[in-house]
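# Coordinate analysis (summary)
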Amino acid sequence: MSAPLFSATDLAVHFGGVRAVDGVSFEVRPGEVFTIIGPNGAGKTTVFNLISRIYEPTAGAIVFDGRDITRVAPHRVAALGIARTFQNIELFEHATVLQNLLIGAHVHRKTNLAAEMLFLPSVRRAEIALREDVERVIDFLDLQAHRDSLVAGLPYGARKVVELARALAMRPKLLLLDEPSSGLNVEETGDMAFWIQDIKNDLGITVIMVEHDMTLVGRVSDRVLAMSQGRMLAMGTPAEVQAHPAVIEAYLGRAA
């Protein structure tokens, strides 16, 4: 079995007296779709914010691709190979789809300011390479019709795909998807399931996902971690976790 690409060990963060995440540990193997589920307030997005280094952990360790990133500066995370989407879409609404993707791709820009001011051949080659990367993502997610459209004029479902595309433009090894089906209709959620499967199978990108839609979870997840009140309840296949008594109680109450 291959070594894990990502691991969290005894991860915790406390806000005053509130233990938002309390002793969470899990590993994610390369090429896996690993999903975190739980009721509202379970600590799922807080785990994402710890991985993204938006929050400082009170305790525990985060290791990615063999490197301890527990104290890495937040602005360095994307360059390490971690990209994410957000539950509430975070795009530049008055820029085009292409421009939003190019912004994501620029995390890998290697040229310096002086070279860019002179627009040296190395800068020209770098721009062409970034544009080619972005065009491949546009083709992959069938966004050709929206390439030159302002994000503000797109329907909500298309914006969700654009945010996914911007994350892919960063060429991540690990993709964090925060509620990818939030606000989508049944057809759009089905499309999102296909994208996630293709991202795993065709692009070889490892995915950690936070999701409420259990149909989507069951379709795309290799393993699932259930949380409640900041703590781990169960971990296993989607079917195993959904049938776990502690998970049923957390969602439906003790009477269930």
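Each remark here, short or long, concerns the structure printed above.
Residues numbered from 1 in each chain as written. Predicted model: local features only at pLDDT ≥ 70, side-chain atom pairs only at ≥ 80, totals over all residues. Heavy atoms only, no water.

## Focus on the overall build of the protein chain
The condition is simple: By the criteria applied, helices consist of DSSP H or I runs no shorter than four residues and strands consist of E runs no shorter than two, each listed in order from the N terminus. Computation of the radius of gyration draws on C-alpha atoms alone. For the globule rule, the value is 2.2 Å times the number of residues to the power 0.38. Partly exposed residues are those whose accessible area sits between 20% and 50% of the maximum for their type, while under 20% is buried and over 50% is exposed, using a 1.4 Å probe and protein chains only. Two residues qualify as a contact provided that any one of their heavy atoms is within 4.5 Å of a heavy atom in the partner residue. Residue-level accessible areas treat just the shown protein chains as cover; the underlying method is Shrake-Rupley with a 1.4 Å probe. Neither His nor the chain ends contribute to the count of charged residues, in which Lys and Arg are positive and Asp and Glu negative. Throughout, a charge is located at the NZ atom of Lys, the CZ atom of Arg, the CG atom of Asp or the CD atom of Glu.
The helix and strand tally for the protein chain stands at ten helices and ten strands. In terms of overall size, the protein chain behaves like a compact globule, its C-alpha atoms giving a radius of gyration of 19 Å where 256 residues would be expected to give roughly 18 Å. Considering only C-alpha atoms, the protein chain reaches an extent of 65 × 40 × 40 Å along its principal axes. The buried share of the protein chain, taken over its 256 residues, is 48%. Partitioning the contacts of the protein chain with sequence separation of at least 6, the portion at a separation of at least 24 is 67%. When the accessible surface of the protein chain is totalled, it reaches about 12,200 Å², and 53% of it is carbon and sulfur. For the protein chain, the centre of its 25 positive side-chain charges and the centre of its 30 negative side-chain charges are spaced 7 Å apart.

## A short note on helix α1 (residues 44–51)
Buried residues dominate α1, accounting for seven of its eight residues. One or two positions beyond α1, positive phi appears at R53, with a value near 70°.

## Brief notes about the environment of D213
Heads up, the condition is: We define a polar contact as two N or O atoms separated by no more than 3.5 Å, with the added condition that, inside protein, one atom must be a possible hydrogen donor and the other a possible acceptor, whereas residues neighbouring each other in sequence contribute only through side-chain atom pairs.
Of note, D213 is situated in the loop between β8 (206–210) and α8 (214–220). Placed 32 residues apart in sequence, D213 and S181 show a C-alpha to C-alpha distance of 7.1 Å. Here D213 is in contact with S181 and T189, once residues within four sequence places are set aside. At a separation of 3.1 Å, a polar atom in the side chain of D213 contacts the main-chain amide nitrogen of L216.

## Observations concerning the side chain of R166
For clarity, the threshold we go by: By salt bridge we mean one thing: a side-chain nitrogen of Lys or Arg within 4 Å of a carboxyl oxygen of Asp or Glu.
Checked against the element boundaries, R166 lands in helix α6 (residues 156–169). Despite its burial, R166 remains without a salt bridge, the nearest opposite charge being carried by E163 at 4.2 Å. Those residues within four positions of R166 in sequence are excluded, and the remaining contacts are E90, L91, F92, N100, L101 and G104.

## Remarks on the pairing of strand β1 (residues 6–15)
For the record, the criterion: A pair of strands is treated as paired once DSSP finds two or more bridges between them.
Note: β1 against strand β2 (residues 18–28), eight bridges, orientation antiparallel. Counterpart to H14 in the pairing with β2 is R19. The turn joining β1 and β2, which pair antiparallel and follow one another in sequence, is formed by two residues; a positive phi near 65° is taken by G16. Bridge analysis of β1 against strand β4 (residues 59–64) gives five bridges, and the strand direction is antiparallel. Residue pairing for β4: F6 is matched across the bridge by F64.

## Concerning the pattern of salt bridges
For the structure on display, the rule yields 14 salt bridges. Residue R231 is joined to D22 by a salt bridge in which the shortest nitrogen-to-oxygen separation is 3.1 Å. With R231 in strand β10 (residues 231–236) and D22 in strand β2, this residue pair connects regions lying 209 residues apart in the sequence. The buried category is assigned to D22, whose relative accessible area is 17%. Members of the salt-bridge network, linked through shared partners, are R19, D22 and R231.

## Thoughts on α6
Stated formally: Expected helix span is taken as 1.5 Å per residue step, with the number of steps being one fewer than the number of residues.
Helix length check: α6, at 14 residues, gives a terminal C-alpha distance of 20 Å against a target of 20 Å (1.5 Å per residue), a fit within 8%. Of all 14 residues that make up α6, 13 are buried, and the element is covered over most of its length. R171 sits one or two residues past α6 and shows a positive phi near 55°.

## Digging into the sheet that holds β2
Pairing is antiparallel across the open sheet formed by four strands, whose spatial order is β2-β1-β4-β5. Pairing within the sheet leaves two strands with one partner each, and these edge strands are β2 and β5 (67–68). Examined bridge by bridge, β4 and β5 share two bridges and lie antiparallel to one another. Residue pairing across strands places F64 opposite R67, the latter belonging to β5.

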